[in-house]
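# Residue-level structure breakdown
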Amino acid sequence: MQITDSHCHLEQFPNPEVVLAQASAEGVSRVVTMGQDESSMRQALQLAHLFPQVLAGIGIHPVHVVTLSAEQLAASLRFLEDHAAQADQIGETGLDHKWAVDDQQQEAQLRMLERHFEIATQHRLPVNLHSRRCLRQVMDAAIAFHRDTGLHAQLHWFTQSVKLIRQTNAADIFVSAGPSVLYDEQAATVACAIEDHLLLLETDAPVEIGGVPGHPQRVREVLGKLATLKGVTQKQLAQQTEANFLRFLGHAETD
Ligand SMILES: [Zn+2]
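These lines cover the structure that appears in this document, whether it is placed above or below. (Residues numbered from 1 in each chain as written. Predicted model: local features only at pLDDT ≥ 70, side-chain atom pairs only at ≥ 80, totals over all residues. Heavy atoms only, no water.)

### Things to note about the coordination of the zinc ion
Here is the rule we go by: For Na, K and Ca the donor cut-off is 3.2 Å, and for all other metals it is 2.8 Å, counting N, O and S atoms only; because water is absent from this set, sites may look incomplete. Square planar and octahedral sites, with four and six donors, are those where opposite donors lie more than 155 degrees apart and all other angles lie between 65 and 115, tetrahedral sites have four donors with every angle between 85 and 135 degrees, and the rest are irregular. Here a helix means four or more residues in a row that DSSP labels H or I, a strand means two or more in a row labelled E, and each is numbered from the N terminus. When a residue's accessible area, from a 1.4 Å probe over protein chains only, is under 20% of the maximum for its type it is buried; when over 50% it is exposed; and in between it is partly exposed.
Looking at the zinc ion, the protein donor atoms are H7 (NE2), H9 (NE2), E92 (OE) and D204 (OD), and they sit 2.1 to 2.3 Å from it. Taken together, the 4 donor atoms coordinating the zinc ion and their angles of 83 to 173° define a geometry best described as irregular. For the zinc ion, all donor residues lie on one chain, and their spacing in sequence is H-x1-H-x82-E-x111-D. Taken together, the residues span a long stretch of sequence, with E92 in strand β4 (residues 89–96) and D204 in the loop between β8 (199–201) and α9 (219–230) at a distance of 112 residues. Assigned by exposure class, E92 and D204 land together as buried.

Spelled out as structure tokens, the structure:
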């Protein structure tokens, strides 16, 4: 059984190699590590280079768009532009209105998101999207990106609203569910509303969820919980989500 953690931050662990071995022991044999600024993008590419089971997303996290200095932001964008060809996807990008509190900051995040879409389009890469307190806006942007380019978009940790999931399902947008489904009944209900062929699994590790430190191996628990709720075997759900992941990347022949 092969399972993928489709969104985590491997470079934030003291020893990524140990983390990968532990994850692999739970069947989590593929991990997507997401860059957020110049340093983490650099490390994401290095980890993908060192370990065949690691894929790299590179991008500038929307929180960083409003917290980095102008110089740091410019350097991060230059790094992204110069290295996108080496990445497997573009992200973590998106919008975060918890951190972007005024029009100017929200506009800056939006401009950066649009730049990420341009880079993804240029390199024919899928995008991995963060959204907080502006779920609909990020969803609409993802839908437009997929419609205009045919490239795929993943809404990470987007298990807040069944109403929004009906729209992502209709628009062929991937949504990833993480360990919040283990603790939050509403999140589990929303995750079950994601169409089978659009569901991805993630942890956002090392973010702590439910008082438990984040780890890519926890994808196995997410798989177990959703398989039970859906009334399928873990193996069936693993096969489905792996096929989904390959289609998301643009690797599936039927795509
Ligand atoms: Zn993340």
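### Concerning the packing of helix α8 (residues 185–193) against α9
So the rule is basically this: In this analysis an axis means a line fitted to C-alpha atoms, helices contributing only their contacting stretch, and an angle means the value between N-to-C directions, from 0 to 180 degrees. The scheme is simple: roughly parallel for angles under 35 degrees, roughly antiparallel for over 145, roughly perpendicular for 65 to 115, oblique for anything else. By the definition used in this description, the sense in which the near helix is turned from the far one sets the handedness, with an anticlockwise turn below a right angle giving left-handed and a clockwise turn giving right-handed. Contact criterion: two residues are considered in contact whenever any of their non-hydrogen atoms come within 4.5 Å of each other. Residues are sorted three ways: Asp, Glu, Lys and Arg are charged, Ala, Val, Leu, Ile, Met, Phe, Trp, Tyr, Cys and Pro are nonpolar, and all the rest, Gly among them, are polar.
Between α8 and α9, the shortest axis-to-axis distance is 10 Å and the interhelical angle comes to 70°. Judged by the inter-axis angle, α8 sits roughly perpendicular to α9. Here the hand of the crossing between α8 and α9 comes out right-handed. On α9, the residues touching A188, A191 and C192 of α8 are K225, L226, L229 and K230. A class-by-class count of the residues in the contact of α8 with α9 yields 5 nonpolar, no polar and 2 charged.

### A few points about the environment of V162
Position of V162 among the secondary structure elements: in helix α7 (residues 162–170). It is 24 Å that separates the C-alpha atoms of V162 and P62, two residues lying 100 residues apart in sequence. For V162, the residues in contact, after removing those within four places along its chain, are T189, V190 and A193.

### Considerations on the pairing of strand β1 (residues 3–8)
Heads up, the rule is: Strands are labelled as partners when DSSP assigns at least two bridges between them.
Across the 6 residues of β1, 6 count as buried, placing the element largely inside the fold. Sheet analysis places β1 next to strand β2 (residues 28–34), joined by 4 bridges and oriented parallel. Each residue of the ladder has a partner; that of T4, found in β2, is R30.

### Quick word on the packing of aromatic side chains
The cut-off we apply is this: In summary, the pairing rule links any two rings of Phe, Tyr or Trp, Trp by its six-membered ring, whose centres are within 6.5 Å, and it sorts them by plane angle into stacked for under 30 degrees, edge-to-face for over 60 and tilted for everything else.
The tally for this structure, following the rule as stated, stands at 3 aromatic pairs. For the pair F117 and F145, a centre-to-centre distance of 4.8 Å together with 20° between the ring planes defines the contact as stacked. With F117 in helix α5 (residues 103–123) and F145 in helix α6 (residues 135–149), this residue pair connects regions lying 28 residues apart in the sequence. You can call F117 buried: its relative accessible area is 11%. Summarising the aromatic geometry, the rings of F174 and F248 are spaced 5.6 Å apart at their centres and angled 75° between planes, so their arrangement reads as edge-to-face. Taken together, the residues F174 in strand β7 (residues 174–177) and F248 in helix α10 (residues 234–249) connect sequence positions 74 residues apart. Here the two residues F174 and F248 agree in accessibility, since each one is buried. Grouped by ring-pair contacts, the aromatic residues F174, F245 and F248 constitute a single cluster.

### A word on the sheet that holds strand β3 (residues 54–58)
Read across the sheet, 8 strands follow the order β1-β2-β3-β4-β5-β6-β7-β8 without closing on themselves; strand pairing throughout is parallel. Both edges of this open sheet fall to β1 and β8, since each of them pairs with a single strand only. Here the strands of the sheet are splayed against their neighbours by 30° on average, with no regard to which way each runs. Note that β4 and strand β5 (residues 127–132) share 5 bridges and pair parallel. In the sheet register, L95 faces β5, and the bridge partner there is S131. Against the sheet, α5 contacts β4 and β5, and its axis sits at roughly 160° relative to β4. Relative to β5, α6 is tilted by about 160°, and along the sheet it contacts β4, β5 and β6 (153–156).

### Description of the nonpolar core
Short version of the rule: Among the buried residues, those of types Ala, Val, Leu, Ile, Met, Phe, Trp, Tyr and Cys that are joined through side-chain atoms within 4.5 Å form a nonpolar core.
One finds L129, L155 and L226 to be the most contacted residues of the largest nonpolar core, which totals 78 residues. Per-element accounting of this core gives the leading share, 7 residues, to α6. Filtering out sequence-adjacent residues up to four positions away, L129 remains in contact with T93, G94, L113, F117, V138, A142, A153, Q154, L155 and H156.

### Structural notes on the side chain of S6
Heads up, the rule is: By the criterion applied in these results, polar contacts are pairs of N or O atoms within 3.5 Å in which, for protein atoms, one can donate a hydrogen and the other can accept it, and in which residues neighboring in sequence qualify only through two side-chain atoms.
Tracing the backbone through its elements, the reader meets S6 in strand β1. Looking at S6, its side chain comes within polar contact range of the side chain of Q154, at 2.9 Å. The contacts of S6, once residues within four sequence positions are left out, are V32, M34, N128, Q154, S176, L200, L201, E202 and F245.

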